[in-house]
Amino acid sequence: MSIPAIDLMTALRSGHSTSPRLTWYGPDAERVELSGRVLDNWVAKTSNLLQDELDAEPGMRLRLDLPAHWKSVILALAAWQLGMEVVLDSGVADLLATNSPESGHLESGFDAVIAVPLPALAMRWPGELPPGVVDFGAEVRSHGDVFMAHEDPEGSGRAIVSAGTAYAHSDLLEGFAAAHDDGVRLLVRAGDGLEAALVQSLGAWHNGGSVVLVHPDVKVTDKLLSDERVRGE
């Protein structure tokens, strides 16, 4: 069974697949640009990591203890493609993805903890990790570029809870996502939080658009807006 997240990834890797879909501006002059094809590639690798290495399956919950960042968005898309629920608060979850791994996490009821290094060029976690913690930077690249689910997700399964409202996978793009004009090139401020970034990004992609995600420490100048051809915020 297909769900909206799967259909979205199909759309991103097909028509205009070489056009920018997610551009990240981060500290230390970071700029990461992902085309539709490359975005889908990252999401597929991440879905395969979750499924093949961590036994993730539809209905399981992934908590994202992460700021708004291009890697956070990748993890959310990967979880939704699997039919998982994304948890953005301190709620109970099966798996945890975090940029501040501590040994106590493994004692807090998570089946697995994923350490996510945020610097753009980080190929692995900088330093020692507690035993059993998965290094996202080191592991994700070894997984396949094409995702094939072991189990078909159900559209009725819960994808996320926002402001007390639960959204099913079938409602992810029509209920949870923001409405945007077709082909929008959208500025998204990471300082507004990960949930806002997901709401806005899903809405832009659903309407054939793209996203410029900007870290709070990066000044949004007229030059940046002009260079990126931003047409919405």
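Everything below is about the structure printed above this text.
Note that this is a predicted model, so its numbers are computed, not measured.

A. Molecular detail of the packing of aromatic side chains. Per the stated rule, a full pass over the model turns up three aromatic pairs. Look at Trp42 and Trp70: their rings are 5.0 Å apart centre to centre, the planes differ by 85 degrees, and that puts the pair in the edge-to-face class. With Trp42 in helix 2 (residues 36-54) and Trp70 in helix 3 (residues 70-82), the pair connects residues that are 28 residues apart, well separated along the chain. Each member of the pair Trp42 and Trp70 is classed as buried. Measuring from centroid to centroid gives 6.3 Å for Trp80 and Phe176, while their planes differ by 65 degrees, and the two rings are edge-to-face. On the criterion of sequence distance, the pair formed by Trp80 in helix 3 and Phe176 in helix 5 (residues 172-176) is long-range, its members being 96 residues apart. When its relative accessible area of 5% is taken as the criterion, Phe176 is described as buried. These aromatic residues form a ring-pair network of at least three members: Trp80, Tyr167 and Phe176.

B. Geometry of the packing of helix 2 against helix 3. It is at 8 Å that the axes of helix 2 and helix 3 come closest, and there the two elements cross at 60 degrees. As summarised for this structure, helix 2 and helix 3 are arranged oblique, according to the angle between their axes. In this structure, helix 2 crosses over helix 3, and the sense of that crossing is right-handed. Across the interface between the two elements, Leu39, Trp42, Val43, Ala44, Thr46, Ser47, Leu50 and Gln51 of helix 2 pack against Trp70, Ile74, Leu75, Leu77, Ala78, Ala79, Gln81 and Leu82 of helix 3.

C. Up close: the nonpolar core. In this structure, Leu50, Leu77 and Trp80 are the most contacted members of the largest nonpolar core, which totals 64 residues. Sequence-distant contacts of Leu50, that is, excluding residues within four places in its chain, are made with Asp55, Ala56, Leu62, Ala78, Ala79, Leu82, Met84, Leu95 and Ile114. In terms of nonpolar packing, the next biggest core, distinct from the first, is built from eight residues, Val87, Ala93, Leu96 and Ala115 among them.

Calculation notes
- Residue numbers run consecutively from 1 along every chain, following the written order of its sequence.
- A pLDDT threshold of at least 70 governs which residues receive local features in this predicted model, and a stricter bar of 80 or more applies before side-chain atom pairs are shown or counted, although totals over entire chains, interfaces and linings include all residues.
- Only hydrogens and water are removed before side-chain values are computed, so all heavy atoms of the structure are retained for them.
- Pairing of aromatic rings covers Phe, Tyr and Trp, the last counted by its six-membered ring, and requires centre-to-centre distances within 6.5 Å; plane angles under 30 degrees mean stacked, over 60 mean edge-to-face, and any other angle means tilted.
- In this text, helices come from DSSP runs of H or I with a minimum length of four residues, and strands from runs of E with a minimum of two, each type numbered from the N-terminal end.
- Any residue under 20% of the maximum accessible area for its type is buried, any over 50% is exposed, and the rest in between are partly exposed; the area is computed with a 1.4 Å probe on protein chains only.
- Orientation is described by axes fitted as lines to C-alpha atoms, over the contacting stretch for helices, and by angles from 0 to 180 degrees between their N-to-C directions.
- Angle categories: roughly parallel below 35 degrees, roughly antiparallel above 145, roughly perpendicular from 65 to 115, and oblique for all the rest.
- We call a crossing left-handed when the near helix sits turned anticlockwise from the far one by less than a right angle, and right-handed when that turn is clockwise.
- The criterion used for residue contact is that any of the two residues' heavy atoms lie within 4.5 Å.
- Residues belong to a common nonpolar core when they are buried Ala, Val, Leu, Ile, Met, Phe, Trp, Tyr or Cys residues joined through side-chain atoms within 4.5 Å.

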